[in-house]
Amino acid sequence: MKRSILAALGLATSLAMPAAAEDIKVGLLLPFSGVYASLGNEIEAGFNLGLAEFGGETDVTFEILREDTEVSPPAALGKARKLILQEQVDVMVGIVSSGVLGAVRDMVHGAGVPLIVANAGNDKATGAACSPYITRMSFSNGQINRPMGTWMAEQGIETVYTLAPDYAAGRQMIDAFAETFTAAGGEIVGQDFTPFQKTQDFGPYLAQAASSGADAVYVFYAGGEAIAFVKQYDSFGLQEDLPLYGSGFLTSPLYVNAQGEAAEGVVTALHYAPTIDNAANAAFVASFTAETGRVPSEFAVQGYDAARALIEAAKTGANNRETLANALRQVSFDGPRGEMSIDPATNNIIQPVYVYETVAGEGGLTQQVLAQLPAEADPVNGCEMAAPVSN
Ligand code: BEZ
């Protein structure tokens, strides 16, 4: 059995066989504890499925080393250092939090180790702090939220109150939304940024939103904070008079069942929903569901596509830090999210964005796609992409 498959089954590191010359050593840097632990586990599940499904397209074998970033920039930096200097990995995959990505960026760039970003949307990593070593297969914070500002204004919503956790992702997502919403004639009538990883009671913030007179509330929350927020929003009885919108991490299929009826009617924008109608997505949903017993979320598809990108790069003959960095920047394929490619100006993914409503379906809550907004490349945001690294 090929070791790429063994790696996907979590067995590669326990094999007492010498590494084959063509092995690519992969460091998986994900939160396996903290508020984003479920996101990390889901990305890993998607990544393993991608390795198992596409690994047969190359003879290259992959050794996987996994490290827990927690949701802590200093802890993540220590783990990245270990993978890069001690383990001498050829490539790293992962990072969920924008704060963690900001913390490891200089280390990755300075050491010249390719990083496939499998979640963190930090705009700067493909903007002013871009690097030929950083390729994003997930989304950027601006990319998801900009189209939603325009779309909501087009729906006749005139005033909005915004809420998000107080860290890079929350600030960037809300700024991007506010920029296009106000450009389209809308008004932000109030904003709050809640202490990240510390807020359990959203009551005081919801009271402010309720008394603001806004037409709607727009938020970014993910993981455990998203579950708590949506439930509390519902128990305050706000949804009817003050409809809730946001980026789709709010009602991710990963935890929407934990939110239950409270999530019904929430409208969000995202680069993936398991109900997207295309052949690649149908195949992915079937194989992920067979493997895990649940429908895949955006986090699963990001892990799956990160594995596929790595395999596409390996198929070109790339097998070390420099050649992998160059090959990853040139990846493009039609996957479960539709047509996607990497923008050479920033190394950020270009992909469509979908607006969906969480509705009750036959087998529980599901995602009803309301609109597909056109694929849009991010503005370069100060990125001066260095020439490809020499091999
Ligand atoms: C971020 O920190 O970039 C992030 C975390 C969870 C979901 C989406 C974005």
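Residues numbered from 1 in each chain as written. Predicted model: local features only at pLDDT ≥ 70, side-chain atom pairs only at ≥ 80, totals over all residues. Heavy atoms only, no water.

Along strand β10 (residues 267-270), one buried face is formed by Val 267 and Ala 269 and the opposite face, lined by Thr 268 and Leu 270, is buried too. Where strand β9 (residues 244-247) meets β10, three bridges bridge the pair, whose relative direction is parallel. Directly across from Gly 246, in β10, lies its bridge partner Thr 268. The pairing of β10 with strand β14 (residues 353-361) spans four bridges and is antiparallel. Of the residues in β14, the one forming a bridge with Thr 268 is Tyr 356. (Buried < 20%, exposed > 50% of the residue type's maximum accessible area, 1.4 Å probe, protein only. Helix = DSSP H or I, 4+ residues; strand = E, 2+ residues; numbered from the N terminus. Pairing = 2+ DSSP bridges.)

Residues in close proximity to the ligand total 16 residues, the closest being Val 96, Ser 97, Ser 98, Gly 121 and Tyr 167. Here an oxygen atom of the ligand and a backbone polar atom of Gly 121 are 3.0 Å apart. Contact with the protein chains covers 100% of the free accessible surface of the ligand, which is 260 Å². Residues that form the shell around the ligand fall into these classes: 11 nonpolar, five polar and no charged. The two domains that each donate at least three residues to the shell around the ligand are domain 1 (12-140 + 277-350) and domain 2 (146-270). (Near = heavy atom within 4 Å. Polar contact = N/O pair within 3.5 Å; in protein donor to acceptor, adjacent residues only side chain to side chain. Areas by Shrake-Rupley, 256 points an atom, 1.4 Å probe, with all protein chains shown as cover. Nonpolar A, V, L, I, M, F, W, Y, C, P; charged D, E, K, R; others polar. Domains from an automatic or database assignment.)

This part takes up the side chain of Arg 146. In this fold, Arg 146 is placed in helix α5 (residues 141-154). Within the structure, Arg 146 has its side chain in polar contact with the side chain of Asp 378 (distance 2.9 Å). In this structure Arg 146 touches Ala 176, Thr 180, Glu 376, Ala 377, Asp 378 and Pro 379, once residues within four positions along its chain are discounted. (Contact = heavy atoms within 4.5 Å.)

Let us look at the nonpolar core. A general trend in soluble globular proteins is that nonpolar side chains are found buried together. Of all hydrophobic cores here, the largest spans 103 residues; its most connected members are Phe 47, Phe 62, Met 148, Met 152 and Phe 229. Among the elements that make up this core, the one with the highest residue count is helix α11 (residues 298-315) (11 residues). Each of two domains, domain 1 (12-140 + 277-350) and domain 2 (146-270), supplies a minimum of three residues to this core. (Core = buried A, V, L, I, M, F, W, Y, C linked by side-chain atoms within 4.5 Å.)

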